[in-house]
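Okay, here's what each chain looks like letter by letter:
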Amino acid sequence: MKLKFFGMVLILLGVLILLSVFNVFDVSFGKFLGIAFAVLFGYAGISALVKKGFPNGLVSCAIATVIVLHILGVHRFTFWEGFIVFFSVLLIEWGFFAILAHRG
């Protein structure tokens, strides 16, 4: 599984470099790092959601979403706005854990 993920990261890297060479997509080092971290956080969040159930992985998915929105220019987050989004989703995840822990 880890080897497949590493292979997908290498393919993504190659595609981004090709798109940058042909001026289809501007990939600077910062954007590449952002995309790499978004992929890592997205993968961690989705795998936690699938393996452990609903509230797990929400924070990682939110971080990935914030990074993608920032890279694409949909919304430019300052550091503190991104931190507040992270913290608010963390509180939501903890709230779901508290509710679901006492449900049983």
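The coordinates are above.
Residues numbered from 1 in each chain as written. Predicted model: local features only at pLDDT ≥ 70, side-chain atom pairs only at ≥ 80, totals over all residues. Heavy atoms only, no water.

A.B. asks: Got a minute to help me understand the overall build of the chain in this structure?
C.D. replies: For the chain, the helix and strand inventory stands at four helices and zero strands. Tracing the chain from N to C terminus, the helices and strands come up as α-α-α-α. Scaling as 2.2 N^0.38, a compact globule of 104 residues should have a C-alpha radius of gyration of about 13 Å, whereas the chain reaches 16 Å, well beyond that. For the chain, the spread of C-alpha atoms along the principal axes amounts to about 55 × 35 × 15 Å. (Helix = DSSP H or I, 4+ residues; strand = E, 2+ residues; numbered from the N terminus. Rg over C-alpha atoms; globule rule 2.2 N^0.38 Å.)

A.B. asks: I'm lost on the environment of Val-24 in this one. Help?
C.D. replies: For Val-24, the position within the fold is in the loop between α1 (2-21) and α2 (29-52). In this structure the C-alpha to C-alpha distance between Val-24 and Leu-91, which are 67 residues apart in sequence, comes to 39 Å.

A.B. asks: Please explain helix α3 (residues 58-72) as it appears in this structure.
C.D. replies: Along an α-helix, residues three or four positions apart point the same way, because every turn accommodates 3.6 residues. Taking 1.5 Å as the rise per residue, α3 with 15 residues should run 21 Å; its terminal C-alpha atoms sit 21 Å apart, in good agreement. All buried positions along α3 are accounted for by Leu-58, Val-59, Ser-60, Cys-61, Ala-62, Ala-64, Val-66, Ile-67 and Ile-71. Where α3 is buried, its residues contact α2 and α4 (79-101). With its phi angle positive at about 80°, Gly-73 sits one or two positions after the end of α3. (Expected span 1.5 Å × (residues − 1). Buried < 20%, exposed > 50% of the residue type's maximum accessible area, 1.4 Å probe, protein only. Contact = heavy atoms within 4.5 Å.)

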